[in-house]
Amino acid sequence: QLQLVESGGGLVQAGGSLRLSCTASGRTFSTYHMGWFRQAPGSERAVVGVISRSAGYTYYADSVKGRVTITRDNDKNKVNLEMRSLKPEDTAVYYCEGTSVWSTTSTNYQYWGQGTQVTVSS
């Protein structure tokens with residue numbers, strides 16, 4: 001059982017930066033791969049990036065690679081998403097999700113939070 005809470009979203013101008021945070025409950029956080037996903041109205045939830053259990057490997061979607069960094073701190077039960085050079089197409093609700101088996105597809109994840117809204121103005 002994982003309970004996840006995202007924070008840090010807001011309104012930002014194109015070209016700006018934003019840092020999102022996810023805080024997890026429980027002592028099993030380090031056993032899960034953690035992903036950041038986003039969903040715009042009328043669109044499917046799509047991967048932004050994934051970080052492995054011990055932070056030894058990261059995956060990024062082509063659309064954000066070079067502009068995004070995922071980090072995690074298992075001692076603090078936190079996973080962060082740093083976004084730079086933001087574009088209007090980055091506007092979406094961003095979700096923190098956890099899975100016991102590595103995946104870059106949201107439907108394979110077992111836990112997720114309530115989401116945090118990111119709006120990038122042009």
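Shown above is the structure to which this text applies.
Residues numbered from 1 in each chain as written. Predicted model: local features only at pLDDT ≥ 70, side-chain atom pairs only at ≥ 80, totals over all residues. Heavy atoms only, no water.

## As for the overall build of the protein
So, point 1. Looking only at helices and strands, the protein has zero helices and eleven strands in total.
So, point 2. Ordered by position from the N terminus, the helices and strands of the protein form the series β-β-β-β-β-β-β-β-β-β-β.
So, point 3. Overall size of the protein, expressed as C-alpha extent along the three principal axes, is 40 × 30 × 25 Å.
So, point 4. Put simply, the protein has 122 residues, and 43% of those count as buried.
So, point 5. Put simply, 58% of the contacts in the protein that link residues at least 6 apart link residues at least 24 apart.
So, point 6. Of the roughly 6400 Å² that the protein leaves accessible, carbon and sulfur atoms contribute 46%. (Helix = DSSP H or I, 4+ residues; strand = E, 2+ residues; numbered from the N terminus. Buried < 20%, exposed > 50% of the residue type's maximum accessible area, 1.4 Å probe, protein only. Contact = heavy atoms within 4.5 Å. Areas by Shrake-Rupley, 256 points an atom, 1.4 Å probe, with all protein chains shown as cover.)

## Some words on the nonpolar core
So, point 1. In this structure, Leu4, Leu20, Met34, Trp36, Val79, Leu81 and Tyr94 are the most contacted members of the largest nonpolar core, which totals 32 residues.
So, point 2. Those elements that place two or more of their residues in this core are strand 3 (18-24), strand 4 (33-39), strand 5 (46-51), strand 7 (68-73), strand 8 (78-83), strand 9 (92-99) and strand 11 (116-121). (Core = buried A, V, L, I, M, F, W, Y, C linked by side-chain atoms within 4.5 Å.)

## Let's talk about the packing of aromatic side chains
So, point 1. Across all of its chains, the model carries three aromatic pairs by this definition.
So, point 2. Ring centres of Phe37 and Tyr109 lie 4.9 Å apart, and the angle between their planes is 75°; on these two criteria the pair is classed as edge-to-face. Placement of Phe37 in strand 4 and of Tyr109 in the loop between strand 9 and strand 10 (111-112) is noted, with a sequence separation of 72 residues between them. As far as the burial class goes, Phe37 and Tyr109 line up, both buried.
So, point 3. Over the face of the ring belonging to Phe29 we find Arg72, whose NZ or CZ atom lies 4.5 Å from the ring centre. (Phe/Tyr/Trp six-rings, centres within 6.5 Å; stacked < 30°, edge-to-face > 60°. Lys NZ or Arg CZ within 6 Å of the ring centre and 35° of its normal.)

## Quick notes on the pairing of strand 7
So, point 1. Burial of strand 7 is one-sided: the residues Val68, Ile70 and Arg72 facing one way are buried, the residues Thr69, Thr71 and Asp73 facing the other way are not.
So, point 2. Note: strand 7 against strand 8, six bridges, orientation antiparallel. Paired with Val68 across the two strands is Met83, which belongs to strand 8.
So, point 3. Taking the residues between adjacent antiparallel strands as the criterion, strand 7 and strand 8 are bridged by four residues, where Asn77 takes a positive phi near 55°. (Pairing = 2+ DSSP bridges.)

## Here we look at the pattern of salt bridges
So, point 1. This model, assessed by the stated rule, comprises five salt bridges.
So, point 2. Arg38 serves as the salt-bridge partner of Asp90, at 2.8 Å between the closest nitrogen and oxygen. A residue pair is termed long-range when its members are at least 10 positions apart, and Asp90 in the loop between strand 8 and strand 9 and Arg38 in strand 4 qualify at 52 residues. In this structure, Asp90 and Arg38 share a single accessibility class: buried.
So, point 3. A salt bridge links Glu97 to Arg45, with the shortest nitrogen-to-oxygen separation between them at 2.8 Å. Within this pair, whereas Glu97 is found in strand 9, its partner Arg45 is found in the loop between strand 4 and strand 5, the two being separated by 52 residues in sequence.
So, point 4. Here Glu97 falls in the buried class, since its relative accessible area comes to 0%.
So, point 5. Arg45 gets classed as partly exposed once you look at its relative accessible area, which sits at 26%.
So, point 6. Several salt bridges share partner residues, and in doing so they unite Arg19, Glu82 and Arg84 into one network. (Salt bridge = Lys/Arg side-chain N within 4 Å of Asp/Glu carboxyl O.)

## Some points on the state of the cysteines
So, point 1. One pass over the structure, following the stated rule, counts one disulfide.
So, point 2. A disulfide bridge connects Cys22 with Cys96, and the sulfur atoms are separated by 2.1 Å. Across the S-S bond of Cys22 and Cys96 the torsion is about -75°, and the bridge reads as left-handed. With Cys22 in strand 3 and Cys96 in strand 9, this residue pair connects regions lying 74 residues apart in the sequence. (Disulfide = S-S within 2.5 Å.)

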